[in-house]
Amino acid sequence: MDRGSEPNRSAIYATTLVAFLAIAGIAVVDPILPAIGAAIGVTAWQVELLFTAYIAVMAVGMIPATLASGRFGFKPVLTTGVSVVGLAAILASFSNDIVQLSVLRGVWGLGNAMFFATAMVVLVNLANDREWVVGLFETALGLGFAVGPLIGGLLGEVSWRLPFFVCGVFMVLALAVASRKLREPATKLPPVKVGSIFATYRKPAFITLCVVTAAYNFVFFVVLGYTPLYLHLDVIPLGLAFTGWGLGLAAGILVIGHRLAHRIGAVQTVGVAIAGLLACMVLFAISSGTAMSLVVLVFAGLFMGLANANLTDLALGLGSADRRVATGAFNLVRWGAAAPAPVIAGKLAEHGLALPFWVGFGVLAVGMLTYLAFAHLMAAGYGERVLWSRWNRAARDAEHSPEEPVGEAY
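Thresholds applied
- Counting from 1, residues in each chain are numbered in the order their sequence is written.
- Where totals are concerned, whole chains, interfaces and linings use all residues; where local detail is concerned, this predicted model gives features only for residues with pLDDT of at least 70, and gives and counts side-chain atom pairs only at 80 or more.
- For side-chain calculations, the full set of non-hydrogen atoms in the structure is used, while hydrogens and water are omitted.
- Each axis is a line fitted through C-alpha atoms, taken for helices only over the stretch in contact, and angles between the N-to-C directions span 0 to 180 degrees.
- Numbering of helices and strands runs from the N terminus, with a helix taken as a DSSP run of H or I at least four residues long and a strand as a DSSP run of E at least two residues long.
- Take the far helix as the reference: if the near one is turned anticlockwise from it by less than a right angle, the crossing is left-handed, and if turned clockwise, right-handed.
- Contact criterion: two residues are considered in contact whenever any of their non-hydrogen atoms come within 4.5 Å of each other.
- All residues other than Ala, Val, Leu, Ile, Met, Phe, Trp, Tyr, Cys, Pro, Asp, Glu, Lys and Arg, Gly among them, are scored as polar; the first ten of these are nonpolar and the last four charged.
- Think of it in three bands: residues with accessible area under 20% of the maximum for their type are buried, residues over 50% are exposed, and the middle band is partly exposed, with areas taken using a 1.4 Å probe on protein chains only.
- Between 65 and 115 degrees an angle is taken as roughly perpendicular, under 35 as roughly parallel, over 145 as roughly antiparallel, and anywhere else as oblique.
- Contacts described as polar in this section are N or O atom pairs within 3.5 Å, which, within protein, must combine one atom able to donate a hydrogen with one able to accept it, while residues neighboring in sequence count only if both atoms come from side chains.
- Domains are outlined according to an automatic or database domain assignment.
- Note on definitions: buried area is the accessible-area loss of two parts on being combined, 1.4 Å probe, summed for both.
- Take a side-chain nitrogen of Lys or Arg and a carboxyl oxygen of Asp or Glu: if they are within 4 Å of each other, that pair is a salt bridge.

Turning our attention to the packing of helix H4 (residues 49–72) against helix H6 (residues 98–116). Look at H4 against H6: their axes get within 7 Å of each other, and the N-to-C directions meet at 35°. For the element pair H4 and H6, the recorded crossing hand is right-handed. Together, Leu49, Leu50, Phe51, Ala53, Tyr54, Val57, Met58, Gly61, Met62 and Ala65 of H4 and Ile98, Leu101, Ser102, Arg105, Gly106, Trp108, Gly109, Leu110, Asn112, Ala113, Met114 and Phe116 of H6 make up the contact between the two elements. Among the residues forming the contact of H4 with H6, the class breakdown is 16 nonpolar, 5 polar and 1 charged.

This part is about unusual backbone geometry. Within the chain, His232 stands out as a residue other than glycine whose phi angle is a positive 55°. Position of His232 relative to the elements: it lies in the loop between helix H11 (204–231) and helix H12 (235–264). Of the residues examined, His232 reaches a relative accessible area of 63% and is grouped as exposed.

Turning next to the packing of H11 against helix H17 (residues 355–382). Where H11 contacts H17, the axes come no closer than 9 Å and their chain directions differ by 160°. The angle between H11 and H17 places the two elements in the roughly antiparallel class. Crossing handedness for the pair H11 and H17: left-handed. Grouping the amino acids of the contact of H11 with H17 by side-chain chemistry returns 20 nonpolar, 5 polar and no charged.

Considering the arrangement of structural elements, one finds Thr16 in helix H1 (residues 9–27). A distance of 2.8 Å separates the side chain of Thr16 from the backbone oxygen of Ile12, its partner in a polar contact. With sequence-adjacent residues up to four places away left out, Thr16 is seen in contact with Leu123, Leu136 and Ala140.

Bringing the domain arrangement of the protein into the picture now. Where interface size is quoted, it is often the accessible area lost as the parts come together. Taken domain by domain, the protein comprises domain 1 (9–184) and domain 2 (192–387). Centre-to-centre, using C-alpha coordinates, domain 1 lies 20 Å away from domain 2. Listed as interface residues are 39 residues of domain 1 and, on the opposing side, 43 residues of domain 2. Buried surface at the junction of domain 1 and domain 2, summed over both partners, amounts to about 3,600 Å²; 76% is from carbon and sulfur atoms. It is Ile55, Ile63 and Phe145 that lose the most area in domain 1 upon contact with domain 2, and together they represent 16% of the buried surface on that side. Our enumeration of links across domain 1 and domain 2 arrives at 0 salt bridges. Scanning the region where domain 1 abuts domain 2 turns up 3 residue pairs in polar contact (both at pLDDT 80 or more).

If you want it as structure tokens, here you go:
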């Protein structure tokens, strides 16, 4: 489709810019975690509160943000979220102890919840070419995870406070763009009810997806939150290391994830991602040195990209027909499971540097076993087959009698 046929290009690009900055804001903290710990004088698990507070509030805030978007409209919720993130990031740069930083990271997470509960729905409703706009959004997320650590590393070499401040300034600029360019979708959607969100959890295929996603996201934030402490690198090398991870993630999302899904299906692509990440957790745990750990980190990013490229598609296909409801229910599980991971990893590290990776392996193994047992339910609901369904009578029956026809991915 000719991009000239998109009447809301400015609004779409503005929303995508904010998405990039929001993700970069998550990843910017990675390279400066050791520096923050040394400057403030706190233990590993206390530093990890910066991630846990952020993710926990983001998880809890998803449902209120979804409800608010139905009541007040997408633009007020989105711009409020961007404002909150900008203010929290700037104030964080002036913090003097871990409690202040953790509280402000929690506020930051609330702002991001407001944004992520609305951004994808806004983009899809503004665009004529949905495939293009979804690709644009995924590109922004992949680049945000790649660029965020680089910014954090370069600025963190000067001071651990500077990445927070610059991120806040970027969000203020994004607010100016969003306030001016962002538009409400032409069709006003009815308010979302809390009962509709929780009713989604009654669907066996969606529950299976949630269990797999919960295990995966726990491990995702073990890697993202704990590995910066595990590597024992200076700020700039650590920033470059996580830029490599982010590039692996971006390649998994943008280059491989959807192409592999077109060949073997989204459900089986997630299975490949989980199996690969399981191997990475073992390799992290038995790593013989920094060089090996860095290689494993990049491959972990690649497998995470494969998962990220397909999990949201599956959630929207297996959840409610209302994308806001499906997104709210899925994000509550996704971020809720991730929230305790950094602090748990920090506490486990006190008893052994490799222990967080072994525990992550155990959690992900539960997700893999759930996947192997019930992936046929997801595949049936999504209109796909899984390789082993030919040996599974229940899977064959489910494929011929799916719970409901799959909806559009976005």
